[in-house]
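A closer look at the structure
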Amino acid sequence: MNSVFKALADPTRRKVLELLRQRPMTAGELSEHFPVSRPTMSAHFAVLREADLIEANKIGTSIIYQLKLSVLEDALLGFTQLFGIGAGARAAGSAGTAQPRQIRKGAAK
Amino acid sequence: MSENLHPRIRKDILLGLKFGMFIIGAALLLTLARRQGWIDAAQLVRAYNVIFGLALAAYCSVIPKMYGPPPRSLHHATLAQASRRVSSWAMTLAFLVWAALWAFAPQELAKIASMIAVGASIAISLGYAVWKSGEFRRSRGG
């Protein structure tokens, strides 16, 4: 459970989970939403995978990330969004509210 | 269990067996309590149904973490994720309602309403899966 709280404590990782709630996405598609480097995003994905909140699957040449949230974890994520936990960190310039970068062709591969 | 069984399938089976053993253990303890005269028949039924409802709510809450075949496409992954989330939420809430009804409602009402809650959650889960599959087929066809 500790790894889950650690994963949910970061606004970027929460934003990743929020995006994955809509539909599974490739690593490239997710990275487009954050103004951070690929290695940083990979580190975030690793933390989420370690907490068993997301799952990576290979389809063709793409790696797609899917949600693996239990109802309790889903509710926890909802609460953190509802009560704006970590909003201070976002306001301080974290990636949570960052504007998406331009979508580059082939970035999903 | 086969040695070749996928580790996650084995984990899921073990989890199911643990929940089953917990429910059976609780039922045996409650029966013992009844035989000792610590609780009456009505309390036995209520306590058993509350434990049963809470155990199944906990089990259904982890449905999205259970093993599923690797997706063949992004559409397939989207369909699987959405169906699992909806069925997990519907079943978890239904069994929480089951437990709450058996804890607080009059027994006659609890008997009927708890069945309706679980029946509705199954209908929602199946209905959603069928609707999403139809939508998926239409999008592929069109």
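These figures come from a predicted structure and were not determined experimentally.

What follows is about the overall build of chain B. For chain B, the helix and strand inventory stands at four helices and zero strands. Its helices and strands taken in sequence order, chain B reads α-α-α-α from the N to the C terminus. Structurally, chain B occupies a C-alpha span of about 65 × 40 × 15 Å along its principal axes. By the burial criterion, 24% of the 142 residues in chain B qualify as buried. Within chain B, contacts between residues separated by at least 24 positions form 69% of all contacts whose residues are at least 6 apart in sequence.

On to the interface of chain B and chain A. Accessible area lost when the parts come together is the quantity often used to give the size of an interface. Listed per partner, the contact involves 14 residues of chain B and 13 residues of chain A. At seven residues, helix 3 (residues 74–104) of chain B tops the list of elements feeding residues into the side of chain B that touches chain A.

Below, the discussion takes up the pairing of strand 2 (residues 54–59) of chain A. Summarising the sheet, strand 2 of chain A and strand 3 (residues 62–67) of chain A pair through six bridges and their orientation is antiparallel. Paired with A:Ile59 across the strands is A:Ser62, a residue of strand 3 of chain A.

All names here are of chain B. Packing of helix 3 against helix 4 (residues 107–141) brings their axes to within 9 Å, and their N-to-C directions diverge by 175 degrees. It follows from the interaxial angle that helix 3 and helix 4 lie roughly antiparallel. For the contact of helix 3 with helix 4, a count of residues per class yields 21 nonpolar, seven polar and one charged.

What follows is about the nonpolar core. Counting 20 residues, the largest nonpolar core has A:Leu17, A:Leu20, A:Leu48, A:Leu53, A:Ile54 and A:Tyr65 as the members making the most contacts within it. Ignoring sequence-local partners within four residues, the contact set of A:Leu53 consists of A:Val4, A:Ala7, A:Leu17, A:Leu48, A:Lys68, A:Leu69 and A:Glu73.

Before going further, it helps to examine the packing of helix 2 (residues 11–22) of chain A against helix 4 (residues 38–50) of chain A. Residue and element names in this part refer to chain A. Where helix 2 contacts helix 4, the two axes come as close as 10 Å, and the packing angle between them is 70 degrees. With respect to each other, helix 2 and helix 4 are oriented roughly perpendicular. Here helix 2 contributes Thr12, Arg13 and Val16 to the contact with helix 4, which in turn contributes His44, Val47 and Leu48. The class makeup of the residues in the contact of helix 2 with helix 4 is three nonpolar, two polar and one charged.

Let us look at unusual backbone geometry. You will see that A:Asp52, though not glycine, has its phi angle at about 65 degrees, which is positive. Secondary-structure assignment places A:Asp52 in the loop between helix 4 and strand 2.

Time to look at helix 4 of chain B. Here helix 4 of chain B is 35 residues long and its end C-alpha atoms lie 51 Å apart, about the 51 Å a rise of 1.5 Å per residue gives. Listed in full, the buried residues belonging to helix 4 of chain B are B:Ala110, B:Ser114, B:Ala117, B:Ser121 and B:Ser125.

To continue, consider the pairing of strand 3 of chain A. Along any regular strand the residues' side chains alternate between the sheet's two faces. All names here are of chain A. Note that strand 1 (residues 25–26) and strand 3 share two bridges and pair antiparallel. Within the sheet, the bridge partner assigned to methionine 25 lies in strand 3 and is tyrosine 65. Between strand 2 and strand 3, which pair antiparallel one after the other, the connecting turn spans two residues, and glycine 60 there sits at a positive phi close to 65 degrees.

Right, let's get into the confidence of the model for chain B. Residue and element names in this part refer to chain B. With 96% of its residues at a pLDDT of 70 or more, chain B shows a mean pLDDT of 91. Looking over chain B, one finds the lowest element-wise mean pLDDT in helix 4, namely 92, and the highest in helix 2 (residues 41–61), namely 95. If you check the scores for this complex, the pTM reads 0.83 and the ipTM reads 0.81.

Here the focus is the sheet that holds strand 3 of chain A. Strand pairs in the sheet, formed through backbone hydrogen bonds, run parallel or antiparallel to each other. Residue and element names in this part refer to chain A. Reading across from one edge, 1-3-2 is the order of the three strands in this open sheet, with antiparallel pairing throughout. Two strands in the sheet have a free side with no partner beyond their single neighbour: strand 1 and strand 2. Contacts from helix 2 reach strand 1, strand 2 and strand 3, with the element oriented near 95 degrees to strand 3.

Relative to the assigned elements, B:Ala120 resides in helix 4. In sequence terms B:Ala120 and B:Phe22 are 98 residues apart; their C-alpha atoms lie 26 Å from each other.

For chain A, the mean per-residue pLDDT works out to 80, and 77% of the residues sit at or above 70. Below a pLDDT of 50 lies the segment residues 91–109 of chain A, which in the model reaches 32 contacts outside its immediate sequence neighbourhood of four places, other chains included.

Analysis parameters
- The numbering scheme is per chain: residues are counted from 1 as the chain's sequence reads.
- Chain A is the first chain written and ligand 1 is the first ligand written, with later ones labelled in order.
- For this predicted model, a pLDDT threshold of at least 70 governs which residues receive local features, and a threshold of 80 or more governs which side-chain atom pairs are given and counted, while totals over whole chains, interfaces and linings are taken from all residues.
- Under the scheme used here, helices are H or I runs from DSSP no shorter than 4 residues and strands are E runs no shorter than 2 residues, and both carry numbers assigned from the N terminus.
- As a rule, residues whose C-beta atom has 12 or fewer other C-beta atoms within 10 Å are exposed, those with 20 or more are buried, and those in between are partly exposed; C-beta atoms are placed from the backbone.
- Contact between two residues is assigned when their C-beta atoms, built from the backbone, lie within 7 Å.
- Pairing between strands is defined by DSSP: at least two bridges between them are needed.
- Axis definition: a line fitted to C-alpha atoms, limited for helices to the stretch in contact. Angles are taken between N-to-C directions and run from 0 to 180 degrees.
- The labels follow the angle: roughly parallel below 35 degrees, roughly antiparallel above 145, roughly perpendicular from 65 to 115, and oblique for the rest.
- Each residue is assigned to one of three groups, with Ala, Val, Leu, Ile, Met, Phe, Trp, Tyr, Cys and Pro labelled nonpolar, Asp, Glu, Lys and Arg labelled charged, and all others, Gly among them, labelled polar.
- Joining buried Ala, Val, Leu, Ile, Met, Phe, Trp, Tyr and Cys residues through C-beta atoms within 7 Å gives a set, and that set is a nonpolar core.
- Under the convention used throughout, the expected extent of a helix is 1.5 Å for every residue step, that is, one less than its residue count.
- Per residue, pLDDT captures the predictor's confidence, and it can take any value from 0 to 100.

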